[in-house]
Amino acid sequence: ADCRYTCHQECRSLIQLDCRRPGHGQSQLSPETTLLPPCSQHVTQTLEEEKPEPPTVQEIKEKIEKYNAKVTNCLLMKLNDDGTYTGFIKVHLKLRRPVTVPAGIRPQSIYDALKEVNLANMTDKRTSFYLPLDAIKQLHISSTTTVSEVIQGLLKKFMVVDNPQKFALFKEMQKDGQVLLQKLPLTEYPLYLRLLAGPDTDVLSFVLKENETGEVEWDAFSIPELQNFLMILDKEEKEKIQQVQRKYEKFKQRLQQTLKEARGKPG
């Protein structure tokens, strides 16, 4: 209350104040004499109360009926007897970095998919390549499928052996003519977001990108992968430098041309 010192309530016994009360000499104050009344806990309680209640089975049923009424193809959602539901989501792959895949592996067959054969385990040889930019993959998932499981499923379909933590799933929305991207937590349920937004992918779509928020565990990369990243970054840096140089070279030429045309003219 006097020196405006701030600390946690549980830390107050550890605090040794060196402030002095004005007009009371040099007597040292104790933490007890400077404590303000306990703060109200309404903020914490309010945040907890604002958490939305999970929808009831009846509410889910109504949402699914509204969703299916807007579907223009056969990709309908289906409600199960236990209250869960299944449906389809489309994920845009917007990866700027190469991915690591097994070398010399044949394409996955229907038999492999049904038997859940992991072709990546058949060889220790690895190679890197770029996935097609903005490729789209359609997934049939459940309402209990998390973002983490969607990322792992996508990597498995493309036989990518990179650590899933290198990637992140985003939801892409359009608002006021702008495209907004928001990273989804690993525990989020994409099918529920799809249900709330409706089937129109212009309203909401999902995007797989590199995880560039500082949460990447670089220890998960091998030395050749890290060296490959450095080579790519070096190449991108050189290309950026050349773009800037060309831009200002053109500006310099226009400026010189303007000066040349202006010579001899009054004013």
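Parameters and conventions
- Residues numbered from 1 in each chain as written.
- Predicted model: local features only at pLDDT ≥ 70, side-chain atom pairs only at ≥ 80, totals over all residues.
- Heavy atoms only, no water.
- UniProt positions renumbered as here; feature names shortened; annotations may be inferred.
- Helix = DSSP H or I, 4+ residues; strand = E, 2+ residues; numbered from the N terminus.
- Buried < 20%, exposed > 50% of the residue type's maximum accessible area, 1.4 Å probe, protein only.
- Contact = heavy atoms within 4.5 Å.
- Areas by Shrake-Rupley, 256 points an atom, 1.4 Å probe, with all protein chains shown as cover.
- 1 Å grid on protein atoms, 1.4 Å probe; cavity = no way out; pocket = protein on both sides within 12 Å on 5 of 7 lines; lining within 4 Å.
- Points joined across faces, edges and corners; volume = space filled by probe spheres on them.
- Nonpolar A, V, L, I, M, F, W, Y, C, P; charged D, E, K, R; others polar.
- Pairing = 2+ DSSP bridges.

By the naming in an unreviewed UniProt entry, the protein goes by Ras association domain-containing protein 5 and is assigned to Podargus strigoides. Check the Subcellular location (unreviewed entry) section of the UniProt entry for the protein; it says "Cytoplasm, Cytoskeleton".

Colleague: Where do I start with the overall build of the protein in this structure?
Modeller: For the protein, the count of helices and strands is seven helices and eight strands. Looking at the protein as a whole, 27% of its 267 residues qualify as buried. For the protein, restricting intrachain contacts to residue pairs at least 6 apart in sequence, the fraction spanning at least 24 positions comes to 65%. Of the accessible surface of the protein, which amounts to about 19600 Å², a share of 53% is contributed by carbon and sulfur atoms.

Colleague: I'm lost on the UniProt feature "coiled-coil region" (unreviewed entry) in the protein in this one. Help?
Modeller: Per the UniProt record, "coiled-coil region" (unreviewed entry) is annotated on residues 234-261. Its end C-alpha atoms 41 Å apart, residues 234-261 is made of 100% helix and 0% strand.

Colleague: Mind showing me how you'd approach empty space enclosed by the protein here?
Modeller: Where empty space is left becomes clear once a probe the size of a water molecule has been rolled over the atoms. Tallied over the entire structure, the rule returns one cavity of 30 Å³ or more. Considered as a void within the structure, the largest cavity measures approximately 30 Å³ in volume. As for the largest cavity, its lining consists of Leu93, Leu131, Leu154, Leu155, Phe158, Val160 and Leu208. Of the residues that constitute the lining of the largest cavity, the class distribution is seven nonpolar, no polar and no charged.

Colleague: Even after reading the chapter, I still don't get the pairing of strand 6 (residues 167-175), so can you show me in this structure?
Modeller: The side chains of a regular strand alternate, residue by residue, between the two faces of the sheet. Here strand 6 runs beside strand 8 (residues 204-210); their pairing, made up of seven bridges, is antiparallel. Residue pairing in the sheet places methionine 173 in a bridge with leucine 204 of strand 8. Here strand 6 hands over to strand 7 (residues 178-183) after two residues, with aspartate 176 in that stretch at a positive phi of 55°.

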